[in-house]
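# Residue-level structure breakdown
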Amino acid sequence: MFKCKTVWNKLAPLVRASSTLCLQNARKSVLRHGRRLERVQKAQMSSGPAGGGGENTLYYVLVGATCLGTGVYAYHTVSGDKERYNERMIDIANRPKQGPQAAEAVKPVAEEPTLTEPPVEERPVTEAVVEFTETEPVVEEPIVEASIPEPIVETLVTEPVVEASVPESIIEVSVTEPVAEAPVVTQSEEPLAPVVESETEPTPVIIAAHVPEASPVSESAAVSEPAPAAEPVESNAAHSGVPEHAHYLLIGGGTASFAAARSIRARDPGARVLIVTEASELPYMRPPLSKELWFSDDPKATETLHFKQWNGKERSIYFQPPSFYVSPVDLAKVENGGVAVLTGRKVVHMDVRGNKVKLSDGAEISYEKCLIATGGVPRNLQVIDRAGEEVTKRTTLFRKIEDLRSLEKISREVKSITIIGGGFLGSELACALGRRSTDLGLEVIQMFPEKGNMGKVLPEYLSNWTTEKVRKEGVNIIMDAVVKNVSYKNDKLEIKLKDGRLIKTDHIVAAVGLEPSVELAKSAGLEVDSDFGGYRVNAELQARANIWVAGDAACFYDIKLGRRRVEHHDHAVVSGRLAGENMTGASKPYWHQSMFWSDLGPDVGYEAIGIVDSSLPTVGVFAKATAKDTPKAATEQSGTGIRSESETEAVAGTLKAETTAPPPPIQQKEDYGKGVIFYLRDNVVVGIVLWNVFNRMPIARKIIKDGEQHADLNEVAKLFNIHED
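Quantities reported herein were computed from a predicted structural model and do not represent experimental measurements. (Residues numbered from 1 in each chain as written. Predicted model: local features only at pLDDT ≥ 70, side-chain atom pairs only at ≥ 80, totals over all residues. Heavy atoms only, no water.)

## Here we look at the environment of valine 566
Formally: Secondary structure elements are defined from DSSP: runs of H or I of at least 4 residues count as helices, runs of E of at least 2 residues count as strands, and each element is numbered from the N terminus. When accessible area is computed with a 1.4 Å probe and restricted to protein chains, residues below 20% of their type maximum are described as buried, those above 50% as exposed, and intermediate ones as partly exposed. The contact definition used throughout considers only heavy atoms, calling two residues in contact when any of these lie within 4.5 Å.
Within the secondary structure, valine 566 sits in the loop between strand 23 (562-564) and helix 13 (569-583). Relative accessible area serves as the criterion here: at 9%, valine 566 is assigned to the buried category. Separated by 45 residues in the primary sequence, valine 566 and isoleucine 611 have C-alpha atoms spaced 9.7 Å apart. The residues touching valine 566, leaving out its near neighbours within four places in the chain, are Gly551, Asp552, Phe556, His571 and Ser594.

Next comes the structure, spelled out in structure tokens:
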């Protein structure tokens, strides 16, 4: 090596002189003729006087020796690389085989190029010619762009190389680079043996490989990143009656879910809808549980769940009979789709990335689109929760069919029942039990912290009037009652109030509100509203791209009234219907205001819409009631006990105000026969209560939708025709 360096140092001046002369001749030739350069005569490279040739001979010998040494060195390097490559391929072939095609030859699968990796630059080819000995066989193959060394050609004899070939040194580097274990699907759809990862540090290399048409590669196989190993999933075959997939999955079996299912089927007649509910019952309506079922003359009404509406017509609380639904195991087989209900199963985990849910029994169901309509659970007083088992087992949290049957049985066995709560549910149950109190010899007590029944909803004067109405039903009303302590002594429940009063009773019904069920928020990564509770959704009731929420559990954005959460039957119907439409691609915002109603027996009832809060300014316009201004008469006219079912938006455009001058309003002392109460915010009507005024809700809905300021609300009240006979 040192001798070569010494010789080169002596020849360097001669080389520089020769190259300078060649360059000068080239420039002159181009300037004179402007054509291709002619071959320059060999320069006489000699440091001695002109005419000597011995130095040139020495120069040629030294240059040839240098080239020969370089060739020998390259040959040994290539041979070593070939041996290492062959050893590597033999090692891969001798490793344990996987799949039925393990006996086939190992075919290295190259990674597909990605945008983030730089392309490989080919090494420049020099003009130097290196002579190899005859011991290196030359394989003539149709090759594009570059030649493939012999070992690679031998390995790929079963796959013709067409598009690209890779230099030997690059192949060696790519073998040591970890390759994603992406399955390559052949004609027989059997996976090839995976390429084994190397332990050496990889070098970014892109290799373009051609796959013959006889062995197509699926799109899923062309993934540049290794897919995580799938955990073993227990098949739903072990869980009887649980389908593995549902295009539309509805979590919850209440009114919102049923309304969504009906809406989905209306827009997509062939849809397959699966409802999963923790309850053991098919979807049913809840309002009759605290209203009509208590006033039925049939002693078995709580068992049959059939009741007479105020108009005398009989119906069931179930939305549809069992024959309406499809068996869950047959849902995927029915020709025109259908609705299936999976009862007694609770969804405990939700994987929004994998689009699947996990049930309490371990079964998993995948979905395309999902609705969360889990509703809520009734709240309880903390003092009752801390009171012990003897108190809690004598307390009813009224919500389900089982609660109705249990309370009806208790009302015939005990002497005293106390209802805590003065809202809709508490007042309805108080009136229902009060009607039975005389016949059963039952003492019915209702207590609440407000100054009157429904004091948080109705203005004070109307709340006081309602309280007197409930008293006339046989209920002992205790106002301004804040419970301090509850205990069980001498076979009695003792309720001690903060002002020192003590009430003894046999049973307690807690009707103090609803807590929305948001248990899936953590696993699903969904937002829960800190002010109103419930899943936070947009105006289209959408929580994520393919997840919607409806009913009591939805905290939605009302495009007219802002963010809200509503806990009423009609809202469940409206929001469920809207969610179902949007799940089929409607993309409609929430603008159809839902209503709610409450009946204090067959003679007094009201309907409300919007934000009805007694803390807001109100304006009430009343008139004398007639015999047809009762809930009973309203249902006789509409033909249904669930008044919201008869609503149509078109009615709002057909009803007009009175053309004749109305008689002056009759407002006797504490006599509010019928009327309209407007709730204002910034001088704009945001809520309306129709007191013993029925079948006028579309008008109220239009007033709120317009969102205009009104100088005289007495003129607006004329739209409801409250003064007509």
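## Considerations on the sheet that holds strand 23
Our working definition: A pair of strands is considered paired only if DSSP assigns at least 2 bridges between the two.
Strand order in this open sheet of three strands is 19-22-23, and the pairing throughout is mixed. Across the chains shown, the open sheet's two edge strands, defined by having one partner strand only, are strand 19 (535-536) and strand 23. Sheet analysis places strand 19 next to strand 22 (residues 554-558), joined by two bridges and oriented parallel. When the sheet's bridge partners are listed, tyrosine 535 is paired in strand 22 with alanine 554.

## Some remarks on a positive patch on the surface
Quick note on the threshold: Patch membership requires over 30% relative accessible area and the absence of a salt bridge. Like charges are linked within 9 Å, and nonpolar side chains (Val, Leu, Ile, Met, Phe, Trp, Tyr) within 5 Å. For the accessible areas, the method is Shrake-Rupley and the probe is 1.4 Å, while residue cover comes only from the protein chains on display. Salt bridges, as used here, are contacts in which a Lys or Arg side-chain nitrogen is within 4 Å of a carboxyl oxygen on Asp or Glu. Positive charges are assigned to Lys and Arg, negative charges to Asp and Glu, while His and the chain termini are left out of the count. In this description, the location of a charge corresponds to atom NZ of lysine, CZ of arginine, CG of aspartate or CD of glutamate.
A cluster of basic residues, Lys484, Lys489, Lys496 and Lys498, forms a positive patch at the surface. For lysine 489, the position within the fold is in strand 14 (residues 483-489). Using a relative accessible area of 46% as the deciding quantity, one classes lysine 489 as partly exposed.

## Things to note about the packing of helix 5 (residues 255-267) against helix 13
Here is the rule we go by: Lines fitted to C-alpha atoms define the axes, with helix axes restricted to the stretch in contact, and inter-axis angles between N-to-C directions lie between 0 and 180 degrees. Should the near helix be turned anticlockwise from the far one by less than a right angle, the crossing is termed left-handed; should it be turned clockwise, right-handed. Residues are grouped as follows: Ala, Val, Leu, Ile, Met, Phe, Trp, Tyr, Cys and Pro are nonpolar; Asp, Glu, Lys and Arg are charged; all remaining types, including Gly, are polar.
In the contact formed by helix 5 and helix 13, the axes pass within 7 Å of each other and the chain directions differ by 35 degrees. As helix 5 runs across helix 13, the sense of the crossing is right-handed. Counting all contacts with helix 5, which are made through Thr255, Ala256, Ala259, Ala260, Ser263, Ile264 and Arg267, the residues of helix 13 involved are His569, Ala572, Val573, Gly576, Arg577, Gly580, Glu581 and Met583. Broken down by class, the residue content of the contact of helix 5 with helix 13 amounts to seven nonpolar, five polar and three charged.

## A look at the pairing of strand 13 (residues 475-478)
Which entries qualify depends on this criterion: We call a crossover right-handed when, viewed with both strands directed away from the observer, the connection leading from the first strand over the helix to the second proceeds clockwise.
Looking at chain direction, strand 12 (residues 443-447) and strand 13 are connected through four bridges and run parallel. Each bridged residue has a counterpart across the sheet, and for methionine 447 the counterpart in strand 13 is isoleucine 478. Handedness of the crossover is the feature at issue here: the chain leaves strand 12, passes through helix 11 (residues 460-472), returns alongside strand 13, and the resulting connection is right-handed.

## Side note on the pairing of strand 22
Burial analysis of strand 22 places four of its five residues in the buried class, the great majority of the element. Sheet topology note: the strand 22/strand 23 ladder contains three bridges and is antiparallel. Opposite tyrosine 557, over in strand 23, you have arginine 563 as the bridge partner. Connecting strand 22 to the next strand, strand 23, in antiparallel fashion are three residues.

## Looking at the sheet that holds strand 10 (residues 395-397)
What the five strands build is an open sheet, ordered 10-17-11-12-13; its pairing is parallel. The sheet is open, and its two edges are formed by strand 10 and strand 13, each paired on a single side. Mean inter-strand twist for the sheet, computed between neighbouring axes without regard to direction, equals 20 degrees. Direction of pairing for strand 10 relative to strand 17 (residues 507-510): parallel, over a ladder of three bridges. Opposite leucine 397, over in strand 17, you have alanine 510 as the bridge partner. Its contacts with the sheet put helix 10 (residues 424-440) on strand 11 (416-420), strand 12, strand 13 and strand 17, and the angle it makes with strand 12 is roughly 160 degrees.

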